Structure formats: structure tokens, C-alpha cells
Amino acid sequence: MKRIATVQDISCVGRCSLTVALPIISAMGVEACPLPTALLSAHTLFPNPSICDLTDKIQGITDHWKRAGIKFDGIYTGYLGSLSQLDIISDFIDEFRGDGFVFIDPVMGDHGRLYSGFKPEYVARMAEFCGKGDIIVPNITEACLMLGIDYIGDSYTRDDLRDILRRLTGLGTSKAILTGVSMQPGRLGAAAYDSVNDEYFLCMGEKVEGRFHGTGDIFASVCAGALAKGETLGQAVESAVSFTCECIKLTIGDCEDSRFGVNFEKALHILTN
């Protein structure tokens, strides 16, 4: 069985980060090994969550993995809350990447702005960190921030997307996926570029109006699991778009509070099958 180390926080309430990654990757028949960076009572859209920073615990976990001879077929990083965590996980990648792939979701912003708590120096360091990845998966906001260009919002052409994807691979990664892409009304998906083969991919699904928390983590988790199972970049993006759209559809009419995320649990059978 393939094995992925996934490095991100645990938000106990509100489907995101590890509470999304672990069941999705596991349902795909890939062993998911968490390396938690923080423990939150709920994600930060809930006011005043209890937060336990686990930065000082990471080294002990990874030291034990090294002594035990644990190896991974992939490393998937999500939300990293500080510059010090970026440094520690950068060293972890150097130690454990082996022949596996490194998949980086540079979680730090959306809708044209940084998440609260992040500063410009974090953006610069994340751009450098992405150079360690084989595949990176920013949304449009994160891509613009790392490239130092103005936020393009929803006003762009296919050529604009291709230019951004090419420039993202210039950070040092060989493959880039851009999420939250919409080329026509009623359609939403992702664009991707494989610089090794000079191939572009565009995959669109049905766009459902509304804001749905945690869908980026769902998308990234399916992508990482699909790549571990040997799917191509294009196949992985298609799988992730399709599954994310299905999760959103299963949430419509059954969403007491959007902060709790989407009902991905009802769609896990798609991945197991």
C-alpha cells in the first residue's frame, strides 16, 4: 500500500485540513500518516478557538520516524502557520522525500487577500518553500501573491492562466495546479501545467453559487491520493474537480452553517469504488 505523510493542522470542528485529508486519502486506498502542526478546537472562522501550537512536537515525531526507518511515497503539506514551521518542514522534506513526490498546498489567502496573521515575509518564504515541491496547488490569490503580481480576480483569459502556471513552475516546481478557475458562467474548476512535458490541462465542473468552507482541502487531498496511486497530473485534477463538485452538491439543502464545511463523507464511496 502507498503511504503519504500529510503535514497540516487538526481543526476539531469544521471540516478542513487533517479531518478532511485523512479520511479522503484513506478511502482512496492510500495510507495517510498525519504530522500535525497545531490542534484547534475549531477552525478560525469560529470566533476565539482554543489553539495549541505543536511546532515543538514535530521534531520528536520525525526523529522517531527516522529511527524506525519509515519511508513515504509522497509528502503533502497544507496549512503551516509560521515561518518556523516552514523551516522545520523544509528540513523534513529534505530528510524524507526519497523517491516520492512532494505536493504543496500553499494555504495563506483567498479572495485577493492574505489570511489574518500572515505577513508579506511569509509570502516570500512560502514562494521559496514551493520550490521544494514537485506539484503545487495554489488558488488564484495565492498564485498572484507568490508571483508578486496584482490580483486578477475573475477577469482573465486562458492565456493569462497559462502565463501564471508557467511562472509558478519558475519557482522551482515541475507541475502547478491553479484552483478556483472559471472560464464561463456556471462552470468552475482548475487549470494545471506539467513543465516537463509542456502540457496544459483545464478541467471544469458545475459551479454552485455560495461559499463552501474546506473545498480546497478536499481538492488537494484527492489530488495527492490520486498521484500516489499513479494517476497522471491531468487525471488527478479531473478526479479532484469531480469529487469536490459532488461533495458540494450533497451539501445543498443540508447546510446548517457553512463553517461546518461540505458533506464529503456522503461521497467517500466514490473514492473507495
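Overview of the structure. (Residues numbered from 1 in each chain as written. Predicted model: local features only at pLDDT ≥ 70, side-chain atom pairs only at ≥ 80, totals over all residues. Heavy atoms only, no water.)

### A few points about helix 2 (residues 55-68)
In plain terms, the rule: Only protein chains enter the area calculation, which uses a 1.4 Å probe; residues under 20% of their type maximum are buried, those over 50% are exposed, and those in between are partly exposed. Numbered from the N terminus, helices here are DSSP runs of H or I no shorter than four residues, and strands are runs of E no shorter than two. By construction, the arc corresponds to the directions joining the helix axis to the C-beta atoms. Contacts between residues were defined by any pair of non-hydrogen atoms, one from each residue, lying within 4.5 Å.
Taken together, the buried positions of helix 2 are occupied by T55, I58, T62 and W65. In an axial view of helix 2, the angular spread of the buried residues amounts to 55°, which keeps them on one side of the axis. Exposed positions of helix 2 whose direction lies more than 90 degrees from the buried face are D56 and R67. Of the surrounding elements, those touching the buried residues of helix 2 are strand 2 (31-40), strand 3 (51-53) and helix 3 (83-96). Immediately downstream of helix 2, the backbone of G69 shows phi near 75°, a positive value.

### Some details on the nonpolar core
Going by this rule: Here, nonpolar core means buried Ala, Val, Leu, Ile, Met, Phe, Trp, Tyr and Cys residues that are tied together by side-chain atoms lying within 4.5 Å of each other.
If you look at the biggest cluster of nonpolar residues, it comprises 42 residues, and the most contacted ones within it are I24, F103, I177, F219, V237 and F243. Listed by contribution, the elements that provide at least two residues to this core are helix 1 (17-27), strand 5 (101-104), strand 10 (187-194), helix 7 (215-228), helix 8 (233-249) and helix 9 (268-272). When sequence neighbours within four positions are dropped, the list of residues in contact with V237 reads I177, A190, A192, C203, F219 and C223. In terms of nonpolar packing, the next biggest core, distinct from the first, is built from 41 residues, W65, M108, I140 and I164 among them.

### Comments concerning the packing of aromatic side chains
Rule in force here: Two rings belonging to Phe, Tyr or Trp (six-membered ring only in the last case) form a pair when the distance between their centres is within 6.5 Å. Interplanar angles under 30 degrees mark stacking, angles over 60 mark edge-to-face geometry, and anything in between is tilted. Ring-over charges, as used throughout, are those where CZ of Arg or NZ of Lys falls within 6 Å of the ring centre and within 35 degrees of the ring normal.
One pass over the structure, following the stated rule, counts 11 aromatic pairs. A ring pair is formed by W65 and F96, whose centres lie 6.4 Å apart and whose planes are at 85°; its orientation type is edge-to-face. Remark: F96 occurs in helix 3 and W65 occurs in helix 2; sequence separation between them is 31 residues. W65 sits in the buried class, given a relative accessible area of 12%. On the accessibility criterion, F96 (9% relative accessible area) is buried. Measuring from ring centre to ring centre gives 4.2 Å for F118 and Y122, while their planes differ by 20°; the resulting arrangement is stacked. Using a relative accessible area of 3% as the deciding quantity, one classes Y122 as buried. Seen from the ring of Y200, R162 lies directly overhead, with NZ or CZ sitting 4.3 Å from the centre.

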